[in-house]
Amino acid sequence: MTGEALQIISTSKYQKELEELTDWLKEELMKVSITPTDLQWTILINHLNEMIKRSKEQETIPEVDPEMFSEVSSEALKLADGVVRKINNLSQDEMYVLSIHFETAKQN
């Protein structure tokens, strides 16, 4: 993990939750042979941090049209859904936006 990614974790208002989520997600990604690059991990960790913040602080993202994500694989959507369920208290729109990270990392 890059220094930048570690800094995001260490300075997070929700550091413990972010560490636990990141550790869990590493395992889930290994199960499906998806290996994000260092840059992809850094961007993903930042996104996860923001998702945790939205969950804790009762914030939402703008609604998305699921049709825009019709070409995202079921595998990427399943991973994203697992993250949304694990964080809890998030709209399903978060799943679609997050799935792009996994779909991109699948291409590595």
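Here the structure is shown first, and the text comes after it.
In this text, all values refer to a predicted model and were calculated from it rather than measured experimentally.

**Q** Tell me about helix H1 (residues 3-10), residues and numbers included.
**A** All buried positions along H1 are accounted for by Ala5, Ile8 and Ile9. The buried residues of H1 occupy an angular sector of 100 degrees when the element is viewed end-on, so they sit on one face. In H1, the exposed residues that point more than 90 degrees away from the buried face are Gly3 and Glu4.

**Q** Tell me about the packing of aromatic side chains, residues and numbers included.
**A** Counted by the stated rule, this structure contains 1 aromatic pair. Aromatic side chains phenylalanine 69 and tyrosine 96 sit 5.5 Å apart centroid to centroid with 35 degrees between the ring planes, which places their arrangement in the tilted category. In this pair, phenylalanine 69 is assigned in the loop between helix H3 (38-56) and helix H4 (74-87) and tyrosine 96 in helix H5 (residues 93-106), connecting sequence segments 27 residues apart. Look at tyrosine 96 and you get buried, because its relative accessible area is 18%.

**Q** Go over unusual backbone geometry, please, and point to the residues and values.
**A** Phi at glutamine 58 takes a positive value of approximately 60 degrees, unusual for a residue other than glycine. Considering the arrangement of structural elements, one finds glutamine 58 in the loop between H3 and H4. What makes glutamine 58 exposed here is its relative accessible area of 60%. The phi angle at asparagine 89 is positive, at roughly 60 degrees, despite the residue not being glycine. On the secondary structure map, asparagine 89 appears in the loop between H4 and H5.

The rules we used
- In every chain, residue numbers begin from 1 and rise along the written sequence.
- The predicted origin of the model limits local features to residues at a pLDDT of at least 70 and limits the giving and counting of side-chain atom pairs to 80 or more, whereas totals for whole chains, interfaces and linings rest on all residues.
- Only hydrogens and water are set aside; all other atoms, that is, all heavy atoms of the structure, feed into the side-chain values.
- A simple rule labels every residue: compare its accessible area, found with a 1.4 Å probe on the protein chains alone, to the largest value its type can have, and call it buried under 20%, exposed over 50%, or partly exposed in between.
- Secondary structure is summarised from DSSP: a helix means a run of H or I of at least four residues, a strand means a run of E of at least two, and numbering begins at the N terminus for each.
- By construction, the arc corresponds to the directions joining the helix axis to the C-beta atoms.
- Working definition: a ring pair exists when centres of Phe, Tyr or Trp rings (six-membered ring for Trp) sit within 6.5 Å. Plane angles under 30 degrees give stacked, over 60 give edge-to-face, the rest tilted.

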